[in-house]
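Chains, contacts and geometry: an overview
One letter stands for each residue in the lines below.
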Amino acid sequence: MSLDEVLARHNVGITSVEFLAELDADLSRVTDPAAAPLSAAETAFLREHAGPDAGEVLDADPAALVQYARRAEVSRMTGLVAGSVGIAEAALVLGVDRSRVSQRLSAGSLWSYRLGRGRRLPRWQFTGDGRSLPGLDVVVAAIPPELSPESVAGFMNTAQPELEGRTPTAHLTGGGDPTPVAELVAGLGLW
């Protein structure tokens, strides 16, 4: 089965050429095992200050570490696609026209990120009954532009003590005030 067939079968809304171009760009950023090794001083510093597992990484075969990092990048890209929908699929989920989804993206009442030449909308912002999360516009306005889609999804799906132990998604789905969610997500940009 070809990548185009898989992407079409799952209605991903991105072409294999776009997916592979993004993957190639991301894999190109993974350090080559032939790159300059760490100096003796750098290695000694890491062994002393990087925690008990640092030695295991420092002693590992550099080529194996790079292969692991590249596989992790493939997994990350696959997760980005699986955890999101394109504009056309978002329109189906919400029961609206594609142009309405584009309008909502422009207005800031839906959040997306660029993948290839298109936009992807994370699934966490949709309820099971075909609506967007209540108060999403308040949260979207607070999302720092430098946050990765993984960071935002991780936050939205992680229980927060400030929300009585609920995830931001559950808090909003239950009709909770979006202001504390917006404040928390805005704080992620301060790190």
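Structure: above.
Residues numbered from 1 in each chain as written. Predicted model: local features only at pLDDT ≥ 70, side-chain atom pairs only at ≥ 80, totals over all residues. Heavy atoms only, no water.

1. Things to note about the packing of aromatic side chains
Ring pairs (aromatic) are described by centroid distance and by the angle formed between their planes. What the rule picks out here adds up to two aromatic pairs. Look at W111 and Y113: their rings are 6.2 Å apart centre to centre, the planes differ by 50 degrees, and that puts the pair in the tilted class. Of the two residues, W111 and Y113, neither departs from the other in class, the shared state being buried. (Phe/Tyr/Trp six-rings, centres within 6.5 Å; stacked < 30°, edge-to-face > 60°. Buried < 20%, exposed > 50% of the residue type's maximum accessible area, 1.4 Å probe, protein only.)

2. A closer look at helix α7 (residues 98-107)
The complete set of buried residues in α7 reads V101, R104 and L105. Burial along α7 is one-sided: seen end-on, the buried residues are contained in an arc of 100 degrees. In α7, the exposed positions that point more than 90 degrees away from the buried face belong to S106 and A107. The inward-facing, buried residues of α7 abut α6 (87-94) and β3 (118-122). (Helix = DSSP H or I, 4+ residues; strand = E, 2+ residues; numbered from the N terminus. Arc of directions from axis to C-beta. Contact = heavy atoms within 4.5 Å.)

3. A closer look at the pattern of salt bridges
All chains considered together, the criterion is met by two salt bridges. A salt bridge links E89 to R123; its shortest N-O distance comes to 3.8 Å. Note that E89 is positioned in helix α6 and R123 in the loop between β3 and α8 (136-142), a separation of 34 residues in sequence. A relative accessible area of 39% means that R123 is categorised as partly exposed. We note a salt bridge from R131 to D129, for which the minimum N-O separation is 3.2 Å. With a relative accessible area of 42%, R131 lands in the partly exposed category. (Salt bridge = Lys/Arg side-chain N within 4 Å of Asp/Glu carboxyl O.)

4. What about the nonpolar core?
One recurring pattern in soluble globular proteins: nonpolar side chains tend to sit buried together. Ranked by size, the top nonpolar core spans 36 residues in total, and within it V101, L110, L121 and M156 carry the most contacts. Secondary structure elements with two or more residues in this core: α2 (16-28), α5 (62-82), α6, α7, β2 (113-115), α8, α9 (149-156) and α11 (178-187). Ignoring anything within four residues of it in the chain, the contact list for L110 reads L94, V101, R104, L105, L121, Q125, F126, S132, L136 and V140. (Core = buried A, V, L, I, M, F, W, Y, C linked by side-chain atoms within 4.5 Å.)

5. Some thoughts on the environment of G128
Positionally, G128 belongs in the loop between β3 and α8. Along the primary structure G128 and V138 are separated by ten residues, whereas in three dimensions their C-alpha atoms are 20 Å apart.

6. Notes on the sheet that holds strand β1 (residues 84-85)
Strand order across the open sheet formed by three strands is β1-β3-β2, with antiparallel pairing between neighbours. Every interior strand has two partners, whereas the edge strands, β1 and β2, have only one. The pairing of β2 with β3 spans three bridges and is antiparallel. Among the inter-strand pairings, L115 is bridged to a residue of β3, identified as G118. (Pairing = 2+ DSSP bridges.)

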